[in-house]
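Fold and contact review
Below are the chains, spelled out letter by letter.
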Amino acid sequence: MNILVEFFVVTFKVLWAFVLAAAKWLVRPKEKSVAGQVCLITGAGSGLGRLFALEFARRRALLVLWDINTQSNEETAGMVRHIYQDLEAADAAALQAGNGEEEILPPCNLQVFTYTCDVGKRENVYLTAERVRKEVGEVSVLVNNAGVVSGHHLLECPDELIERTMMVNCHAHFWTTKAFLPTMLEINHGHIVTVASSLGLFSTAGVEDYCASKFGVVGFHESLSHELKAAEKDGIKTTLVCPYLVDTGMFRGCRIRKEIEPFLPPLKPDYCVKQAMKAILTDQPMICTPRLMYIVTFMKSILPFEAVVCMYRFLGADKCMYPFIAQRKQATNNNEAKNGI
């Protein structure tokens with residue numbers, strides 16, 4: 001009898017979850033504040049990482065920026081400091097005008113810290129994380145964003161590049177999370193953001209290492225989310241970000257069928273990050289951009305494999321990475337010719 005009662009309770013909770021999800025589509029939840037919280041972003045020197053840094057800076061978070069490229073990381077920090085200066089100027093003007101309706105953070109709280117870190121190297125991650133704890137404090141928001149792509153067909157891809165893709169795109173998430181999760185568990189507060197890809201939900205030809213790394217990190221994120229729920233640590237939130245092709249230059253040359261391209265163009269980086277920020281600040285567990293990706297993922301899960309192949313061929317998605325790989329190969333050959341290799 002007990003199991004029957006529990007079955008009806010679970011059924012009710014499942015149905016209630018559908019109701020709440022539908023309500024969030026109709027009524028946008030209020031965004032939480034990250035003002036004064038330490039936010040660490042990996043791969044902050046360019047692309048989506050830089051845009052995430054700017055968005056969190058506008059919301060008055062204390063930024064910790066990690067990147068393997070010191071110069072580009074410092075450039076991002078400079079942009080963040082300009083935003084902080086504008087906020088401080090706006091605060092000063094508001095105080096002078098006697099407008100005390102909104103909380104104004106002291107200027108000293110608006111800080112950005114930069115660290116050169118190769119997240120693909122475990123010991124480098126742990127050592128840098130220890131420096132962050134000593135010099136900045138405990139991290140409240142962890143945005144695992146760093147990513148690389150080799151751009152080679154499997155049999156032409158050097159083993160070292162395959163290992164590098166797996167270490168940066170997947171293994172690094174283990175090291176950064178192990179470094180900062182313990183304190184989050186102690187205080188039952190924090191947010192872990194995993195920037196994955198639509199290629200972590202469904203795959204395509206020619207980028208086996210990249211797809212494997214993204215599938216791996218999606219599995220890691222989902223398992224971690226379940227572990228936090230099982231431990232009843234509801235104060236620690238998780239958000240999985242799975243965008244379609246983003247126009248950052250990472251996959252320059254990638255093409256789907258030309259008749260379909262106008263309906264499914266590469267995402268603008270600003271749009272992608274703004275959508276992700278909405279999800280993060282409303283504690284949304286997962287976001288696929290555009291929403292069509294939810295449908296594609298669902299169809300891939302229920303259709304026979306040959307049906308998926310037919311769909312891919314119609315969309316031109318089966319070989320969409322081939323032009324990108326060809327460009328990377330040509331660029332590599334040109335560099336080798338220049339260097340006399």
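Quick caveat: nothing in here was measured; it's all calculated off a predicted structure. Note on numbering: residues in each chain are counted from 1, in written sequence order. Since the coordinates come from a predicted model, pLDDT governs what is reported: local features require at least 70, and pairs of side-chain atoms require 80 or more to be given and counted, while whole-chain, interface and lining totals use all residues. Note that water and hydrogens are dropped before the side-chain values are worked out from all heavy atoms of the structure.

Attention shifts here to the state of the cysteines. The disulfide criterion is simple: two cysteine sulfur atoms within 2.5 Å. Counted according to the given criterion, the structure contains 0 disulfides. Counting only cysteine sulfurs, C211 is the nearest neighbor of C157, a cysteine outside any disulfide, at a range of 13 Å. Free of any disulfide, C242 has its nearest cysteine sulfur in C288, 5.0 Å distant.

Looking now at the packing of helix α5 (residues 159-187) against helix α6 (residues 208-230). Think of two packed helices as two axes; the pair is described by the angle between the axes and how far apart they sit. In this description, a line fitted to the C-alpha atoms serves as the axis of each element, helices being fitted only across the stretch in contact, and the angle between N-to-C directions of two axes falls anywhere from 0 to 180 degrees. Labels follow the DSSP assignment, with helices taken as runs of H or I lasting at least four residues and strands as runs of E lasting at least two, numbered in each case from the N terminus. Between α5 and α6, the shortest axis-to-axis distance is 8 Å and the interhelical angle comes to 15°. Here α5 lies roughly parallel to α6, going by the angle between them. Between α5 and α6 lies a crossing whose hand is right-handed. In contact with L161, I162, T165, M166, N169, C170, H173, F174, T177, L181 and L185 of α5, α6 contributes D209, Y210, A212, S213, K214, G216, V217, F220, L224 and L228. Note that Gly is not counted as nonpolar here; it falls among the polar residues with everything else outside the nonpolar set of Ala, Val, Leu, Ile, Met, Phe, Trp, Tyr, Cys and Pro and the charged set of Asp, Glu, Lys and Arg. Here the contact of α5 with α6 is built from residues that sort into 13 nonpolar, 6 polar and 2 charged. The scheme is simple: roughly parallel for angles under 35 degrees, roughly antiparallel for over 145, roughly perpendicular for 65 to 115, oblique for anything else. In this scheme the crossing of two helices becomes right-handed for a clockwise turn of the near helix relative to the far one and left-handed for an anticlockwise turn of less than a right angle. Working rule for contacts: check all heavy atoms of both residues, and any pair within 4.5 Å makes them a contact.

Put plainly, a pocket is an open set of points on a 1 Å grid over the protein atoms alone with protein on both sides within 12 Å along at least five of seven lines, a cavity is a set where a 1.4 Å probe fits but cannot get out, and a lining residue has an atom within 4 Å of a point. Grid points are joined across faces, edges and corners, and a volume is the space filled by probe spheres set on the points. Taken as a whole and assessed by the stated rule, the structure comprises 1 cavity of 30 Å³ or more. By volume, the largest cavity amounts to about 30 Å³. The biggest single contributor to the lining of the largest cavity is α5, with 4 residues. A class-by-class count of the residues in the lining of the largest cavity yields 4 nonpolar, 5 polar and no charged.

Bringing helix α4 (residues 122-135) into the picture now. Over its 14 residues, α4 runs 20 Å from end to end, which matches the ideal 20 Å to within 8%, given 1.5 Å per residue. Accessible area is worked out with a 1.4 Å probe on protein chains only. A residue is then buried under 20% of its type maximum, exposed over 50%, and partly exposed in between. If you check which residues of α4 are buried, you get V125, T128, A129 and V132. Taken down its axis, α4 places every buried residue within 105° of arc, on the same side. In this structure, α4 carries L127 and K134 as exposed residues pointing more than 90 degrees from its buried face. Remark: G137 follows α4 within two positions and exhibits a positive phi of approximately 130°. Multiplying one less than the number of residues by 1.5 Å gives the expected span of a helix. Picture the helix axis, draw a direction to every C-beta atom, and the arc is the one those directions span.

What follows deals with the packing of aromatic side chains. What counts as a ring pair is set by centres within 6.5 Å for rings of Phe, Tyr and Trp (its six-membered ring), and what kind of pair is set by the plane angle: stacked under 30 degrees, edge-to-face over 60, tilted for all other angles. Under the definition given, this model contains 6 aromatic pairs. Plain terms: the ring middles of Y126 and W175 are 6.4 Å apart, the flat faces sit at 70° to each other, and that makes the pair edge-to-face. Taken together, the residues span a long stretch of sequence, with Y126 in helix α4 and W175 in helix α5 at a distance of 49 residues. Here the aromatic rings of Y210 and F251 are separated by 5.0 Å at their centres, their planes lie at 80°, and the arrangement is edge-to-face. Here the residue Y210 occupies a position in helix α6, and F251 occupies one in the loop between β6 (236-243) and α7 (269-281), the gap between them amounting to 41 residues. Comparing Y210 with F251, the two get one shared label, buried. Within the aromatic cluster, the residues linked to one another by ring pairs are Y126, F174, W175 and F220. Taking NZ or CZ as reference, R122 lies 5.6 Å from the ring centre of W175, over its face. Counting as a charge over the ring demands two things of the Lys NZ or Arg CZ atom: a distance within 6 Å of the ring centre and an angle within 35 degrees of the ring normal.

UniProt positions are given in the numbering used here, feature names are shortened, and annotations may be inferred rather than shown by experiment. Mapped onto this structure's residue numbering, the UniProt feature "transmembrane region" (unreviewed entry) falls at residues 7-27 and 33-53. Its end C-alpha atoms 15 Å apart, residues 33-53 is made of 33% helix and 24% strand.

Here the bond from T289 into P290 is cis, since omega is -5°, no more than 30 degrees from zero. We note that E232 has phi near 60°; this positive angle belongs to a residue other than glycine. Assignment of secondary structure puts E232 in the loop between α6 and β6. Of note, the phi angle at D283 is positive, near 60°, even though the residue is not glycine. When you line up the elements, D283 lands in the loop between α7 and β7 (286-289).

A word on the pairing of strand β5 (residues 190-195). Of all 6 residues in β5, 6 are buried; the element is thus mostly enclosed. Side chains of β5 alternate between two faces, with G190, I192 and T194 and H191, V193 and V195 buried alike. Looking at chain direction, strand β4 (residues 141-144) and β5 are connected through 4 bridges and run parallel. When the sheet's bridge partners are listed, V143 is paired in β5 with V193. A pair of strands is treated as paired once DSSP finds two or more bridges between them. Where β5 and β6 come together, 6 bridges link them in parallel fashion. Bridged to V195 within β6 is V241. Each parallel crossover has a hand, and for β5 linked through α6 to β6 it is right-handed. When the strands point away from the viewer, a crossover counts as right-handed if the path from the first strand over the helix to the second runs clockwise.

Time to look at the packing of α4 against α5. Contact geometry for α4 and α5: axes closest at 9 Å, N-to-C directions at 30°. In terms of their interaxial angle, α4 and α5 are classed as roughly parallel. Between α4 and α5 lies a crossing of right-handed hand. The segment α4 lies against α5, with R122, V125, Y126, A129, V132 and R133 engaging W175, T176, K178, A179 and F180. Across the contact of α4 with α5, the residue classes break down as 7 nonpolar, 1 polar and 3 charged.

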